[in-house]
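# Structure assessment
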Amino acid sequence: MQSDLFKDAYLAQPATAPGMSLQNGKSIKYAVNGECYARQGAMVAYRGDLRFERQGQGVGGYLKRKVTGEGLPLMAVRGQGEAWFAHEAASCFTVDLAPGDALSLNGRHVLVFDASLSYEVSMVKGAGMTGGGLFNSVFTGHGRLGLTCEGEPIVIPVSPQAPVYVDTDAVVGWSAQLRTSLHRSQSVGSMLRGGSGEAVQLCLEGEGFVIVRPSEQQPQTGSAS
């Protein structure tokens, strides 16, 4: 059979080493040799001897999700084999964390990560009950993390001389050492006249970066599989 479907760009090749790699711009392949963790429902295909088990977050994480609607619904992937992960054809990226690094992510953008990484659901200080969520997932340790973004991301450096202000519905994540607070950029008079649609932003200060997606629409939270 002949088809453009069978060209190398689309064909899944056997893994040469355990761990995570980009299959293409919309999916991540993980060669499992032991275990990894992934967003519940994000597996789109696998081969080999793998088991997928719901991973709890403990009582504290459960209560935070019930209050805020945010969180990190996870499954453990265990065994020997290869699995592919994706979420609603969003763009996929991998991030390598080293000891001392800390990345704060909105849970809906987490796709898959190494079991060697640690994470906790943490309150976004100064953010209040905003559209972007009161709680983020903060990753630390040594390992690789796969994340998603609707469209091509905008990565903006943050410096002490140049704080960055982001829409709470558009922000994906940021360097966890940055200071966060709410910033009001609309006058009371403008609000009384109907508003500009840009009343409050998340302000990030310090040294690091922030990742923004090119959309303010609330993404779907359903499973991908």
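The structure reproduced in this document is the subject of the present report. From a predicted model like this one, the values you see are computed outputs, not experimental measurements.

Conventions we followed
Residues numbered from 1 in each chain as written. Predicted model: local features only at pLDDT ≥ 70, side-chain atom pairs only at ≥ 80, totals over all residues. Heavy atoms only, no water. Patch = residues over 30% accessible without salt bridge, like charges linked within 9 Å, V, L, I, M, F, W, Y side chains within 5 Å. Areas by Shrake-Rupley, 256 points an atom, 1.4 Å probe, with all protein chains shown as cover. Salt bridge = Lys/Arg side-chain N within 4 Å of Asp/Glu carboxyl O. Helix = DSSP H or I, 4+ residues; strand = E, 2+ residues; numbered from the N terminus. Buried < 20%, exposed > 50% of the residue type's maximum accessible area, 1.4 Å probe, protein only. Contact = heavy atoms within 4.5 Å. Pairing = 2+ DSSP bridges. Axes fitted to C-alpha atoms, helices over the stretch in contact; angles between N-to-C directions.

## What about a nonpolar patch on the surface?
A contiguous nonpolar patch, built from Met-1, Leu-5, Phe-6 and Tyr-10 and spanning about 550 Å² of accessible area, is present on the exposed surface. Within the fold, Leu-5 resides in the segment before strand 1 (19-24).

## Considerations on the environment of Lys-26
Tracing the backbone shows Lys-26 in the loop between strand 1 and strand 2 (27-39). Residue Lys-26 is classed as partly exposed on the basis of its relative accessible area, which comes to 42%. Residues Lys-26 and His-87, 61 residues apart in the sequence, show an inter-C-alpha distance of 8.1 Å. Those residues in contact with Lys-26 that sit more than four places away from it in its chain are Phe-85, Ala-86, Ala-89, Ala-90, Ser-91 and Cys-92.

## Some remarks on the sheet that holds strand 14 (residues 179-184)
As summarised here, the arrangement of the three strands in space is 12-15-14, forming an open sheet in which the pairing is antiparallel. Two strands lie at the open edges of the sheet, namely strand 12 (164-166) and strand 14, each paired on one side alone. Across this sheet, the average inter-strand angle for adjacent strands is 35°, counted without regard to direction. The pairing of strand 14 with strand 15 (residues 200-205) spans six bridges and is antiparallel. Along strand 15, the bridge assignment pairs Ser-181 with Cys-203.

## Examining the sheet that holds strand 11 (residues 154-158)
With antiparallel pairing, the six strands of this open sheet are ordered in space as 8-9-6-13-16-11. Of all strands in the sheet, those bounded by a partner on one side alone are strand 8 (117-123) and strand 11. Taken pair by pair, the neighbouring strands of this sheet meet at an average axis angle of 20°, ignoring direction. Bridge count for strand 6 (residues 102-105) against strand 9 (residues 135-141) is four bridges, and the pairing is antiparallel. The residue of strand 9 that forms the bridge with Leu-103 is Phe-139.

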